[in-house]
Amino acid sequence: MTMSFAYAAPGKVILFGEHFVVHGARAVICAMDQGVVAESETKTDGVLSVHSALESADVYINRPIQSTSRILRPFHHIARSLDCNGATLRIRSDIPVGSGLGSSSACCVAAAGSLTAICMPDTGMNSTESISIMDVALGAERSVYPDSSGADCAACIHGGIISYMRGSFKTEAPPDDMRLVIADSGIRHDTSKMVGMVREMAVTKPGIFSALLADADTVSSKAIQLVSACDIPGLGRLASENQRLLERLGISNDTLRQMIQVADKHSYGSKITGAGGGGCIVAIADIYNAKATVDALTAGGYDAFEVRIGRGAGPIN
Ligand code: MEV
């Protein structure tokens, strides 16, 4: 009997602590209301037939994972971890790729959720199961990006706002009126390259780096208090403080700085979100100033949009 299953996974926005989280500091991340849907269907020919906007091809599950292209390797990894005998996997996404909004982790989580349901149908959709989806999805992400802190997959799976440190997380209730404004620089980045650059700074300038790491951890801890106090302007000021630390890491550039300048005039504060070098900025806003922030960024020639904090990954009925 053929089985099929669809699973949705949101993109993510790192509010505080990107890069520093790789080195053990706390980060604060949220899921967004845009994401990826993976639909899979069983077959038994030992082939994972992937259909996606980036690449469509047949992956031979028993062949070495390294023989598969970088784009399809995470899916190959998932099929192998689940002892899958074959499947058709269709991926649809409305998250821009290489922009720091968690497109690759959302693909890993959505594919892991959907393939787990058809390859291991006895696994129930409960919290124990979501831990195994985390393991499968993070393993897949690390098949192409071994340094991943796991923060992106955790935010995608659990939804809302989470604080995350060294593999453990805590959920935080988002302030009702909080809105985020995202603006995309249109400059695509490679997360591994940016993380490698920061790692080099950690090695070559250990004194400066550990001071920045301690400051970043303090910023994230303050952010958690401000989330529970629903202090959205305070979160904006903290975003600007976090941005000063990211500037010191050397992951910013003139385009991102110009976008931040525009966003800061209307929102409570803004910063790079994700690996930097390009990608997106996030402005902390609420129901009163989100539209003015989007309009100002759009008038400045940037691709800007409002996002709400989204739910975690889960099956689609
Ligand atoms: C990438 O979305 C976030 C980084 O902190 C890397 C990571 O957490 O693995 C830059």
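Since the structure is predicted, the reported quantities are computational estimates derived from the model, not experimental observations. (Residues numbered from 1 in each chain as written. Predicted model: local features only at pLDDT ≥ 70, side-chain atom pairs only at ≥ 80, totals over all residues. Heavy atoms only, no water.)

Caption draft 1: Inspection of the overall build of the protein chain at higher detail. Helices and strands together make up the secondary structure of the protein chain, namely nine helices and twelve strands. The C-alpha radius of gyration computed for the protein chain amounts to 19 Å, which stays within 12% of the reference 20 Å derived for 317 residues, consistent with globular compactness. Seen through its principal axes, the protein chain has C-alpha atoms that stretch 60 × 45 × 35 Å. The buried share of the protein chain, reckoned over its 317 residues, is 56%. For the protein chain, long-range pairs separated by at least 24 residues make up 73% of all intrachain contacts whose partners lie at least 6 apart in sequence. With the model as given, the accessible surface of the protein chain reaches about 13300 Å², and the carbon-plus-sulfur share is 51%. Computing the positive centroid from 27 side-chain charges and the negative centroid from 32, the protein chain places the two 4 Å apart. (Helix = DSSP H or I, 4+ residues; strand = E, 2+ residues; numbered from the N terminus. Rg over C-alpha atoms; globule rule 2.2 N^0.38 Å. Buried < 20%, exposed > 50% of the residue type's maximum accessible area, 1.4 Å probe, protein only. Contact = heavy atoms within 4.5 Å. Areas by Shrake-Rupley, 256 points an atom, 1.4 Å probe, with all protein chains shown as cover. Lys, Arg positive; Asp, Glu negative; His and termini not counted. Charge placed at Lys NZ, Arg CZ, Asp CG, Glu CD.)

Caption draft 2: Region of interest: the packing of aromatic side chains. Taken as a whole, this structure holds one aromatic pair when the rule is applied. Positioned above the aromatic ring of Tyr 60, the side-chain terminus of Arg 63 is 4.2 Å from the ring centre. (Phe/Tyr/Trp six-rings, centres within 6.5 Å; stacked < 30°, edge-to-face > 60°. Lys NZ or Arg CZ within 6 Å of the ring centre and 35° of its normal.)

Caption draft 3: Up close: a nonpolar patch on the surface. A cluster of nonpolar side chains, Leu 54, Ile 71 and Val 97, forms an exposed patch at the surface whose accessible area comes to about 250 Å². Here Val 97 lies in the loop between β5 (87-93) and α2 (103-119). (Patch = residues over 30% accessible without salt bridge, like charges linked within 9 Å, V, L, I, M, F, W, Y side chains within 5 Å. Salt bridge = Lys/Arg side-chain N within 4 Å of Asp/Glu carboxyl O.)

Caption draft 4: Looking closely at the site of the ligand. Taken together, Lys 12, Ile 14, Glu 18, His 19, Val 21, Val 22, Tyr 145, Ser 148, Ser 149, Asp 152, Val 195 and Ala 275 make up the full set of residues near the ligand. One of the side-chain nitrogen or oxygen atoms of Lys 12 is found 3.1 Å away from an oxygen atom of the ligand. Starting from 300 Å² of accessible surface for the ligand in isolation, the protein chains cover 97%. Of the residues in the shell around the ligand, the class split is six nonpolar, three polar and three charged. (Near = heavy atom within 4 Å. Polar contact = N/O pair within 3.5 Å; in protein donor to acceptor, adjacent residues only side chain to side chain. Nonpolar A, V, L, I, M, F, W, Y, C, P; charged D, E, K, R; others polar.)

Caption draft 5: Molecular detail of the pairing of strand β9 (residues 269-273). For β9, a buried count of five out of five residues is recorded, marking the element as mostly surrounded by other parts of the structure. Inspection of the sheet shows β9 paired to strand β10 (residues 280-286) by five bridges, in the antiparallel sense. The residue of β10 that forms the bridge with Lys 271 is Val 282. (Pairing = 2+ DSSP bridges.)

Caption draft 6: Highlighting helix α5 (residues 191-204). Look at α5: 20 Å from first C-alpha to last across 14 residues, which is about the 20 Å you get at 1.5 Å a residue. Buried within α5 we find Met 194, Val 195, Val 198, Met 201 and Ala 202. Viewed end-on, α5 has its buried residues packed into an arc of 110°, placing them on one side of the element. Away from the buried face of α5 by more than 90 degrees, exposed residues Lys 193, Glu 200, Val 203 and Thr 204 are located. On the buried face of α5, the contacting elements are α6 (206-228) and α7 (232-249). (Expected span 1.5 Å × (residues − 1). Arc of directions from axis to C-beta.)

Caption draft 7: Summary view of the nonpolar core. The biggest cluster of nonpolar side chains holds 101 residues, and the ones touching the most others in it are Leu 15, Phe 20, Leu 48 and Val 109. Filtering out sequence-adjacent residues up to four positions away, Leu 15 remains in contact with Val 28, Ile 29, Cys 30, Ile 161, Met 178, Leu 180, Asn 242, Lys 271 and Ile 284. (Core = buried A, V, L, I, M, F, W, Y, C linked by side-chain atoms within 4.5 Å.)

Caption draft 8: Here's a closer look at the sheet that holds strand β11 (residues 303-307). Spatial strand order, β9-β10-β8-β11: four strands in an open sheet with antiparallel pairing. Looking at strand neighbours, the two that pair on one side only are β9 and β11, the edges of this open sheet. Across the sheet, the mean angle separating the axes of adjacent strands is 25° when strand polarity is ignored. The sheet contacts of α7 involve β8 (178-184), β9 and β10, and relative to β9 the element is tilted by about 45°. Docked against the sheet, helix α9 (residues 290-299) engages β8, β10 and β11, running at close to 165° with respect to β11. (Axes fitted to C-alpha atoms, helices over the stretch in contact; angles between N-to-C directions.)

Caption draft 9: Region of the structure containing the packing of α5 against α6. Where α5 contacts α6, the axes come no closer than 5 Å and their chain directions differ by 115°. In this structure, α5 contributes Val 198, Met 201, Ala 202, Val 203 and Thr 204 to the contact, and α6 contributes Pro 206, Ile 208, Phe 209 and Leu 212.

Caption draft 10: Representation of the environment of Ser 4 within the structure. On the secondary structure map, Ser 4 appears in strand β1 (residues 4-16). Taking the C-alpha atoms as reference points, Ser 4 and Ala 87, separated by 83 residues in sequence, lie 9.3 Å from one another.

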